[in-house]
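# Structure assessment
Spelled out, the chains give:
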Amino acid sequence: MIELEGLTKRYGEKVAVNNLSFTVRPGIVTGFLGPNGAGKSTTMRMILGLDHPTAGDVRIDGKHYQQLKDPLTYIGALLEAKAWHGGRTAYNHLLCLAHSNGIPRSRVRDVLETVGLTAVARKKTKGFSMGMGQRLGIAAALLGDPRILMFDEPVNGLDPEGIHWIRTLMKSLAAQGRTVFVSSHLMSEMALTAEHLVVIGQGRLLADTSMADFIDRNSRSYVRVRSPQRERLLDVLHQAGVVAVESGDGVLEVDGGKAEQIGELAARHRITLHELSPQQASLEEAFMQLTAESVEYHAHSETSPASPEPARQQGGDGWKRG
Ligand code: ADP
Ligand code: MG
C-alpha cells in the first residue's frame, strides 16, 4: 500500500505537485494518469525518497522509503526511460543491485528470463535499445520480489509485442496480490490495464475512481442517424419527445436513444435512413475534457504556458477540479 497525504513539491515558483492525497491499494493495477508535466514523475520520485516533499507525507506500508530495510524487497520501481550508458552487462548490473540489497543471486537469472533478456544478459547495456532498456529496468524492479511495484510510463519505447507483454505482466503481478502503480499520459493505455484510476493535472488531484465508474460516467452513448429526409425526421423525433442534435454533415446525434426505437419510428413515418448506428464517446475525449483546464502547454502554443486559471473547487461525488 502507498499512502499520500497532502503531498506537495515546489521548484521555486513552480508547484509541480499540489496537495495530493490518495491511497494505492494491493491486488489491482492503479493507473496514474495525467498530461505531460502533470507531476506524475515528481510524485513517483517522492514516493521513492529521491525528491524531498515541500509539504505533506508519503508512506509505503506505513513507513518512509528511508526506513525500509533492503528497500528493493518492499518496492520495485521503473522510473522514466533513460539512455543506458553502462559499461556493465545486463547480468552484472542486476547482480550488483542484488548484492547491495540482500537479494539472492538466483533472482538475477529469474528476472532476466521474465523480461526476455536472457539471450543478451552478457551484453553491455550501453548498446541496448530503448525497449531493451525498459525491460532491464523492469527486471531491476522485479529483482527483490517486492509486494509493491511502480512503473513510470513503462510502455515508452516498447514495440506492440512489448506493450502487450507489459500489460499482461502488470495484471498478473496485481493478481498475485501485489500493489501495482503505473503512470501514463494515455487514457487508451490505462483503459486496457488499470482497474483503478488516479487522474492529476498541474499537480492537482482531478479524479480518484474505479475504471468502471470512470467509464460509466464518461462514455456518452448516442445513436448516429443520417437521412435524406432530415427535416422530416427531426419533426418526427421531436414529436416523440426524442432529443436529437445536428452535428454537421447532415448527421443527427440522438442522446440516450435506442437504435431500435429510432428505426421503428422512422419506418412508421416512411422515412428513409442512410445510417443508424449506436456510438460510444471515447474515454480519451473524457480525459481531455477533465484535464483541459490543467494542460500546461497546449498543442497550438507549444512554447507559451497557458494563462493560469484561478483555483476553484467543484464539489461532490469524488471529482475534484482545480
Ligand atoms: P510528468 O511526469 O507528469 O510529465 P513531471 O513530474 O516530470 O510531470 O513534472 C511536473 C512539473 O514539474 C513540470 O512542469 C516540470 O517542468 C516541473 N519539474 C520537474 N522536475 C523539475 C526540476 N527538477 N526542477 C524544476 N522543475 C521541475
Ligand atoms: Mg513523467
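Residues numbered from 1 in each chain as written. Chains lettered and ligands numbered in written order. Predicted model: local features only at pLDDT ≥ 70, side-chain atom pairs only at ≥ 80, totals over all residues. Heavy atoms only, no water.

In the annotation of an unreviewed UniProt entry, the entry for the protein reads Multidrug ABC transporter ATP-binding protein, and the organism field reads Streptomyces cahuitamycinicus. What the UniProt record of the protein gives under Sequence similarities (unreviewed entry) is the line "Belongs to the ABC transporter superfamily." (UniProt positions renumbered as here; feature names shortened; annotations may be inferred.)

Of all hydrophobic cores here, the largest spans 75 residues; its most connected members are Ile2, Leu20, Phe22, Ile47, Ile138, Phe151 and Phe181. If one sorts the elements of this core by residue count, helix α5 (residues 160-175) sits on top with seven residues. Apart from the residues lying within four places of it in its own chain, the contact partners of phenylalanine 151 are Met44, Leu78, Ile138, Ala141, Met170, Leu173, Val180, Phe181, Val182 and Ser183. (Core = buried A, V, L, I, M, F, W, Y, C linked by side-chain atoms within 4.5 Å. Buried < 20%, exposed > 50% of the residue type's maximum accessible area, 1.4 Å probe, protein only. Helix = DSSP H or I, 4+ residues; strand = E, 2+ residues; numbered from the N terminus. Contact = heavy atoms within 4.5 Å.)

Our next topic: empty space enclosed by the protein. It is a probe the size of a water molecule, rolled over the atoms, that shows where empty space is left. Taken as a whole and assessed by the stated rule, the structure comprises two cavities of 30 Å³ or more. Considered as a void within the structure, the largest cavity measures approximately 50 Å³ in volume. For the largest cavity, the full set of lining residues is Glu153, Pro154, Val155, Met170, Val182, Ser183, Ser184, Glu189, Met190 and Thr193. When contributions to the lining of the largest cavity are tallied by element, the ones reaching two or more residues are β7 (179-184) and α6 (187-193). (1 Å grid on protein atoms, 1.4 Å probe; cavity = no way out; pocket = protein on both sides within 12 Å on 5 of 7 lines; lining within 4 Å. Points joined across faces, edges and corners; volume = space filled by probe spheres on them.)

Let us look at the sheet that holds strand β10 (residues 221-226). Within the open sheet, the four strands sit side by side as β11-β12-β10-β13. Their pairing is antiparallel. Both outer strands of the open sheet, β11 (244-246) and β13 (275-280), are each paired with one neighbouring strand and no more. On average, each strand axis in the sheet is inclined to that of its neighbour by 30°, with strand direction left out of account. Across the sheet, helix α9 (residues 259-268) touches β10, β12 (251-255) and β13, and the angle it forms with β13 is around 160°. (Pairing = 2+ DSSP bridges. Axes fitted to C-alpha atoms, helices over the stretch in contact; angles between N-to-C directions.)

Close to ligand 1 lie 13 residues; Gly37, Gly39, Lys40, Ser41 and Thr42 are nearest. Contacts to ligand 1 include lysine 14, whose side-chain N or O atom sits 3.3 Å from an oxygen atom. The separation between an oxygen atom of ligand 1 and a polar main-chain atom of lysine 40 is 2.8 Å. Summarising the interface, the protein chains cover 66% of the accessible area of ligand 1, which totals 570 Å² for the free molecule. Listed by contribution, the elements that provide at least two residues to the shell around ligand 1 are β2 (14-24) and α1 (40-47). The element best represented in the shell around ligand 1 is α1, accounting for four residues. Its residues assigned to classes, the shell around ligand 1 shows four nonpolar, five polar and four charged. (Near = heavy atom within 4 Å. Polar contact = N/O pair within 3.5 Å; in protein donor to acceptor, adjacent residues only side chain to side chain. Areas by Shrake-Rupley, 256 points an atom, 1.4 Å probe, with all protein chains shown as cover. Nonpolar A, V, L, I, M, F, W, Y, C, P; charged D, E, K, R; others polar.)

Packing of helix α7 (residues 211-218) against helix α10 (residues 283-291) brings their axes to within 10 Å, and their N-to-C directions diverge by 90°. Here α10 runs roughly perpendicular to α7, going by the angle between their axes. Of α10, the residues touching α7 (which contributes Met211, Phe214, Ile215 and Asn218) are Leu283, Ala286, Phe287 and Leu290. (Parallel < 35°, antiparallel > 145°, perpendicular 65-115°, else oblique.)

Evaluation of the coordinates by the stated rule reveals three aromatic pairs. Centroid distance phenylalanine 22 to phenylalanine 32: 5.7 Å. Interplanar angle 50°. Geometry classified as tilted. Here phenylalanine 32 lies in strand β3 (residues 29-33) and phenylalanine 22 lies in strand β2, a separation of ten residues in the sequence. By the burial criterion, phenylalanine 22 is buried, and phenylalanine 32 matches it. Site record: aromatic cluster; members linked through ring pairs are Phe22, Phe32 and Phe181. The ring of tyrosine 91 carries arginine 122 above its face, with NZ or CZ at 4.1 Å from the centroid. A cation over an aromatic ring shows up here: arginine 135 above the ring of tryptophan 165, its NZ or CZ 4.6 Å from the ring centre. (Phe/Tyr/Trp six-rings, centres within 6.5 Å; stacked < 30°, edge-to-face > 60°. Lys NZ or Arg CZ within 6 Å of the ring centre and 35° of its normal.)

Right, let's get into α5. Taking 1.5 Å as the rise per residue, α5 with 16 residues should run 22 Å; its terminal C-alpha atoms sit 23 Å apart, in good agreement. The inward-facing, buried residues of α5 abut β3, α3 (106-114), α4 (130-142), β6 (148-152), β7 and α6. Looking one or two residues past α5, glycine 177 carries a phi angle of roughly 95°, positive in sign. (Expected span 1.5 Å × (residues − 1).)

Take the environment of serine 172 next. Residue position: serine 172 is located in helix α5. With 145 residues separating them along the chain, serine 172 and glycine 27 place their C-alpha atoms 9.6 Å apart. Only 2.9 Å separates the side chain of serine 172 from the backbone oxygen of leucine 169, close enough to count as a polar contact.

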